[in-house]
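Residues per chain are reported as follows:
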Amino acid sequence: MKKIIAIDGPASVGKSTLAKKLAKKYSSPILFSGKLYRAVALELIKRKSNPNNIQNILKCVDCIDLNKLDSKELYSSEVDKLSSSISSKKKLRNKLITLQRNFPKEYGNSSKFAIIEGRDIGTVIFPDADYKIFLWADAKIRAKRRYKQIKKIRKKASFKGILNEINARDRKDLTRKIAPLMPATNSVLLDTSYIDIEQAFNALKKIILKI
Ligand code: DC
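Residues numbered from 1 in each chain as written. Predicted model: local features only at pLDDT ≥ 70, side-chain atom pairs only at ≥ 80, totals over all residues. Heavy atoms only, no water.

Counting 30 residues, the largest nonpolar core has Val40, Ile64, Ile86, Leu92 and Ile116 as its most contacted members. At the level of elements, β1 (3-8), α2 (34-47), α3 (54-61), α4 (77-86), α5 (90-106), β3 (113-118) and α6 (121-125) are the ones that each hand at least two residues to this core. Examining the composition of this core, we find that 7 residues originate from one element, α2, more than from any other. Leave out the neighbours within four places in its chain, and isoleucine 64 touches Leu36, Ala39, Val40, Leu69, Leu96 and Leu99. (Core = buried A, V, L, I, M, F, W, Y, C linked by side-chain atoms within 4.5 Å. Buried < 20%, exposed > 50% of the residue type's maximum accessible area, 1.4 Å probe, protein only. Helix = DSSP H or I, 4+ residues; strand = E, 2+ residues; numbered from the N terminus. Contact = heavy atoms within 4.5 Å.)

This brings us to the site of the ligand. Inspection of the region around the ligand gives 14 residues, with Arg38, Arg93, Arg119, Asp120 and Arg169 positioned closest. Separating an oxygen atom of the ligand from a side-chain N or O atom of arginine 38 is a distance of 2.7 Å. Residue arginine 169 places a side-chain N or O atom 2.6 Å away from an oxygen atom belonging to the ligand. For the ligand, whose free accessible area comes to 440 Å², the fraction covered by protein is 95%. Put simply, the parts of the chain that give the shell around the ligand at least two residues each are α2, α4 and α8 (159-175). Looking at the shell around the ligand, the element that brings in the most residues is α2, giving 3 residues. A per-class count over the shell around the ligand returns 1 nonpolar, 6 polar and 7 charged. (Near = heavy atom within 4 Å. Polar contact = N/O pair within 3.5 Å; in protein donor to acceptor, adjacent residues only side chain to side chain. Areas by Shrake-Rupley, 256 points an atom, 1.4 Å probe, with all protein chains shown as cover. Nonpolar A, V, L, I, M, F, W, Y, C, P; charged D, E, K, R; others polar.)

Relative to the helices and strands, lysine 132 resides in strand β4 (residues 131-136). Notably, lysine 132 is buried but unbridged: the nearest opposite-charge side chain belongs to aspartate 128, and the N-O separation is 6.1 Å. Looking at lysine 132, its side chain comes within polar contact range of the main-chain oxygen of proline 127, at 2.7 Å. Within the structure, the side chain of lysine 132 is placed 3.0 Å from the backbone oxygen of threonine 185, a separation counted as a polar contact. Aside from chain neighbours lying at most four places away, what touches lysine 132 is Ala6, Gly122, Pro127, Ala184, Thr185, Asn186, Ser187 and Val188. (Lys, Arg positive; Asp, Glu negative; His and termini not counted. Salt bridge = Lys/Arg side-chain N within 4 Å of Asp/Glu carboxyl O.)

Before going further, it helps to examine the packing of aromatic side chains. The final tally for this structure, using the stated rule, is 5 aromatic pairs. Measuring from ring centre to ring centre gives 5.0 Å for phenylalanine 103 and tyrosine 107, while their planes differ by 25 degrees; the resulting arrangement is stacked. Measuring from centroid to centroid gives 6.1 Å for tyrosine 147 and phenylalanine 159, while their planes differ by 90 degrees, and the two rings are edge-to-face. Placement of tyrosine 147 in helix α7 (residues 139-154) and of phenylalanine 159 in helix α8 is noted, with a sequence separation of 12 residues between them. Given a relative accessible area of 24%, tyrosine 147 falls into the partly exposed group. Residue classification places phenylalanine 159 among the partly exposed residues on the basis of a relative accessible area of 29%. Across from the ring centre of tyrosine 26, 5.9 Å away, lies the NZ or CZ of lysine 25, which sits over that ring. Its guanidinium or amino end placed over the ring of tryptophan 136, arginine 142 lies 5.2 Å from that ring's centre, counting from NZ or CZ. (Phe/Tyr/Trp six-rings, centres within 6.5 Å; stacked < 30°, edge-to-face > 60°. Lys NZ or Arg CZ within 6 Å of the ring centre and 35° of its normal.)

Keep in mind these numbers describe shape, not what the thing actually does.
So this is what it looks like as structure tokens:
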């Protein structure tokens, strides 16, 4: 049986980067659960379906192919916003549970770990995960990191705009009634505000060796 590493935390905290580094180090399969919500949002946009109709939303779940979640379109700002808003729908969250729980069984046959990152992995999806990591960093620091990344790609970026977006997504993630973002029982909290990605990675490796 694979050991489950659940990594949760707010937007732009470095979850994906750290999860990818762990996946490489331990040759493990990795599921970015946010991509599931993004794939549903993208499909709704492509179909021009009414995103307030839950049946339309649920139909889009059937189109998700876990092997085809690499499209850049998943990261447009339209998808950012729509995925964030549909992620508060209980029926959608429930329908996505099975997909996520089956992931470790279906991917990475001989690997020791399966890594799943998101917002509710340690609390709802895998409450019995072997390792539950909750990453945190001050919103301003996350916005600064995101600003630097975007500047490299697009040159033009507004720090204030990015900070506002991060604050808005935090508010939604932290206050929604269904599966809000919060540290799971028995999770290890890692505040990355004042450490860089390598230091955070080293800390995670130590946590994984210790537990
Ligand atoms: O991690 P991300 O930015 O790719 O996630 C996209 C959206 O999906 C985000 O607004 C929060 C939501 N999400 C969620 O509600 N639960 C998860 N486990 C993962 C993401």
